[in-house]
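Single-letter residue listing:
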Amino acid sequence: QLLGNQDHIKVELEKLKKTYDSQQQKLEERVIAMGKELQEAKGAIGDTQRKLAEQSAVLLTSQSQLQEVEAENSLLQLRLKELNEEYRSRLAQYIKDVADYMDSKSSNVMGPSKGPADHAPVKRFVDSMLKDIKASYKSREEQLARAARGYKKRLKNLVKKHESLLIAYGLQREQIRSLGSSAMDCGPAELHFSITDPELLTNTTQELNRLREDKAKLEMQLQELQKSCVTCGGAGFQRLGIDQNLFFFPRQLDEEGWAEVRKQLREFAHTTQEDLEQERSQLLTRAIMAEEQVSELQEYIDKHLAR
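Remember, it's a predicted structure, so these values are computed and weren't measured experimentally. (Residues numbered from 1 in each chain as written. Predicted model: local features only at pLDDT ≥ 70, side-chain atom pairs only at ≥ 80, totals over all residues. Heavy atoms only, no water.)

1. Here we look at the overall build of the chain
- Summing up its helical and strand segments, the chain has five helices and zero strands in all.
- Reading the chain from its N terminus to its C terminus gives the helix and strand order α-α-α-α-α.
- For the chain, the residues scored as buried account for 16% of the 307 residues in total.
- Summarising the internal contacts of the chain: among those between residues at least 6 apart in sequence, 45% fall at separations of at least 24.
- Working note: accessible area of the chain is about 24,800 Å², and carbon and sulfur atoms make up 58% of it. (Helix = DSSP H or I, 4+ residues; strand = E, 2+ residues; numbered from the N terminus. Buried < 20%, exposed > 50% of the residue type's maximum accessible area, 1.4 Å probe, protein only. Contact = heavy atoms within 4.5 Å. Areas by Shrake-Rupley, 256 points an atom, 1.4 Å probe, with all protein chains shown as cover.)

This is how it looks when you write it as structure tokens:
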């Protein structure tokens, strides 16, 4: 029966071969089309990256130009204030000179009853006008000073809230790291979100930023240490300048040994963090007391010494 169906089997084989060839050709065409699409996508990605790099360069240039313009604007505003003060003083002096001249002329003129005219009416009018102008300027300056103090106070409150958020973020990162899972992403270090504006940085904030920078370096060293521990055993401690005797670290780590190392590292990091937090709280307390004293002195100067 097999020998009798040999022709039929050949026909079926030919059909299968043609079907296979057609499907193979379609697959090759599809692969070629996908390759072209991949090349086009890579080209589009490259164009986008180039445009992004150009825009980043333009942004950096614009930011530097903006800082220069802001600095120049500040100088011009200061110069304008000085010129306004000089103009106001000169104008007041000119008006006084004119009033004195007019009063000196009018004092020589006799009234209808052969008596002297009213003495220095222009001077009194000018003095009254200058007094009103000075009062309006003083009220406006006090209003601007109050607005500036309120703005500075709100800015300080925002900086304090930002510091509180950074502390909460750091504690959250430490909690995530304490879970011991290397697959979890703890996010960037606190230093990435620190304030860099020199006008907003106090001595305490600068010290905190320095501590955060040291902490970020230690975290990088810790990650490098963990990678080197897996590959080269205790040699990673020596390469990073850390005493190997601080931790129980055999040549071939098992699960218990690695868990012990992670536990001791967490304890070391937690102890260091506690010390830094205590130092930070002391510095914050001193800074708050100093700010209160400065505000009291400034208020005393504004109310009493100006008078």
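Having put the structure on the table, let's press on.
2. Quick look at the pattern of salt bridges
- Across all of its chains, the model carries five salt bridges by this definition.
- Two residues, R90 and E86, come together in a salt bridge whose shortest N-O distance is 2.7 Å. In this pair, R90 and E86 both sit in helix α1 (residues 6-107), four residues apart, roughly one turn of the helix.
- Looking at R90, the relative accessible area reads 46%, which means it is partly exposed.
- The shortest N-O distance in the salt bridge between K160 and E291 comes to 4.0 Å. Of the two residues, K160 sits in helix α2 (residues 121-178) while E291 sits in helix α5 (residues 255-305), which places them 131 residues apart along the sequence.
- A relative accessible area of 41% means that K160 is categorised as partly exposed. (Salt bridge = Lys/Arg side-chain N within 4 Å of Asp/Glu carboxyl O.)

3. Remarks on the confidence of the model for the chain
- Mean pLDDT over the chain stands at 76; residues scoring 70 or higher make up 79%.
- Within the chain, no element has a lower average pLDDT than helix α4 (residues 235-239), which sits at 49, and none a higher one than α1, at 87.
- A low-confidence stretch, residues 239-253 (pLDDT under 50), is modelled with 29 contacts involving residues beyond four sequence positions or located in other chains. (pLDDT = per-residue confidence, 0-100.)

4. Digging into α2
- For α2, which comprises 58 residues, the first-to-last C-alpha distance of 85 Å matches the rise-based estimate of 86 Å (1.5 Å per residue) to within 8%.
- Buried within α2 we find V126, L130, V159, E163, L166, G170, R173 and E174. (Expected span 1.5 Å × (residues − 1).)

5. Quick look at the environment of R149
- Within the secondary structure, R149 sits in helix α2.
- Under the relative-accessibility criterion, R149 is labelled partly exposed at 42%.
- Distance from R149 to S295, taken between C-alpha atoms, is 9.9 Å for residues 146 residues apart in sequence.

6. Topic: the packing of aromatic side chains
- Inspection of every chain in the model, using the stated rule, returns zero aromatic pairs.
- Between R88 and the ring centre of Y137, over which it is positioned, the NZ or CZ distance is 3.7 Å. (Phe/Tyr/Trp six-rings, centres within 6.5 Å; stacked < 30°, edge-to-face > 60°. Lys NZ or Arg CZ within 6 Å of the ring centre and 35° of its normal.)

7. Things to note about a nonpolar patch on the surface
- Taken together, the side chains of I9, L13 and L16 define a hydrophobic patch exposed on the protein surface, amounting to about 300 Å² of accessible area.
- As for its position among the elements, I9 is in helix α1.
- Overall, I9 belongs to the partly exposed group, its relative accessible area being 39%. (Patch = residues over 30% accessible without salt bridge, like charges linked within 9 Å, V, L, I, M, F, W, Y side chains within 5 Å.)

8. Some words on the environment of K134
- By secondary structure assignment, the location of K134 is in helix α2.
- For K134, a relative accessible area of 54% puts it in the exposed group.

9. Section: the side chain of E163
- Positionally, E163 belongs in helix α2.
- Take E163: its relative accessible area is 7%, and that puts it in the buried class.
- In contact with E163, not counting residues within four places along its chain, are T205, L208, R212 and R280.

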